[in-house]
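Letter by letter, the chains look like this.
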Amino acid sequence: NLMTCSTHRGCPYFNEYLQEGNTSLEAVKVQDFINIIFAPTSGYPTNGIPLSKTFSTGTLSGVKEYQSVYKETVLKPWGLKNATGWWYKTTKLSANKLMNCSEGTLELENGTIVQ
């Protein structure tokens, strides 16, 4: 439901960059998204990342797992081989695409253009 309803909530669905320790309502959206994406393996809603405004260690682990699964679109444009856990440009862009919310084209700090 989260993914099909995102267009009714506004696009892009994810708007902020986050890292461990940040406090924001956006962290709750990230946690919910990660829980739903990995529900078949995490056992969500019984298990999963607890929803909180804090970008917790559990959220960091979930984002790293997401980045590893979607490494071609999240890590490769940066030239990275390992997940960072930072909810930044390509992670947010990839998640917004899965939410049926295009952000358009972005230029990364390394000069790479992604869409």
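This text follows the structure it describes.
Calculation notes
Residues numbered from 1 in each chain as written. Predicted model: local features only at pLDDT ≥ 70, side-chain atom pairs only at ≥ 80, totals over all residues. Heavy atoms only, no water. Axes fitted to C-alpha atoms, helices over the stretch in contact; angles between N-to-C directions. Helix = DSSP H or I, 4+ residues; strand = E, 2+ residues; numbered from the N terminus. Parallel < 35°, antiparallel > 145°, perpendicular 65-115°, else oblique. Contact = heavy atoms within 4.5 Å. Nonpolar A, V, L, I, M, F, W, Y, C, P; charged D, E, K, R; others polar. Phe/Tyr/Trp six-rings, centres within 6.5 Å; stacked < 30°, edge-to-face > 60°. Buried < 20%, exposed > 50% of the residue type's maximum accessible area, 1.4 Å probe, protein only. Lys NZ or Arg CZ within 6 Å of the ring centre and 35° of its normal.

*Asks:* Please explain the packing of helix α4 (residues 57–69) against helix α6 (residues 89–98) as it appears in this structure.
*Replies:* How two helices sit against one another is set out by the angle between their axes and by the gap between those axes. Viewed as axis vectors pointing N to C, α4 and α6 meet at an angle of 75°, and their least axial separation amounts to 11 Å. Our classification of the angle between α4 and α6 gives roughly perpendicular. Residue-level contacts link Val 63, Tyr 66 and Gln 67 of α4 to Thr 91, Ser 94, Ala 95 and Leu 98 of α6. Split into classes, the residues belonging to the contact of α4 with α6 amount to four nonpolar, three polar and no charged.

*Asks:* Sorry if this is basic, but what is going on with the packing of aromatic side chains here?
*Replies:* In this description, a pair of aromatic rings is defined by centroid distance and the angle of the planes. Going through the model one piece at a time under the given rule, you end up with ten aromatic pairs. Both rings, one in Tyr 13 and one in Phe 14, keep their centres 4.9 Å apart while their planes meet at 85°; by these two values the pair is edge-to-face. With respect to class, Tyr 13 is no different from Phe 14; both count as buried. Ring geometry for Tyr 66 against Trp 87: centres 6.4 Å apart, planes inclined by 40°, an arrangement best described as tilted. Taken as a pair, Tyr 66 in helix α4 and Trp 87 in the loop between α5 (71–74) and α6 lie far apart in primary sequence, 21 residues in all. A relative accessible area of 0% places Tyr 66 in the buried class. Among the aromatic side chains, those forming a connected cluster through ring pairs are Tyr 13, Phe 14, Phe 33, Tyr 66, Tyr 70 and Trp 87. Over the ring of Tyr 13 we find Lys 29; its NZ or CZ atom is 4.4 Å from the centre of that ring.

*Asks:* What's the story with α6 in this structure? I'm lost.
*Replies:* With eight of ten residues buried, α6 is to be regarded as a mostly interior element. Buried positions along α6 lie against α2 (25–37), α4, α5, β1 (106–107) and β2 (113–114). Positive phi shows up at Asn 100, right after α6, with a value of about 60°.

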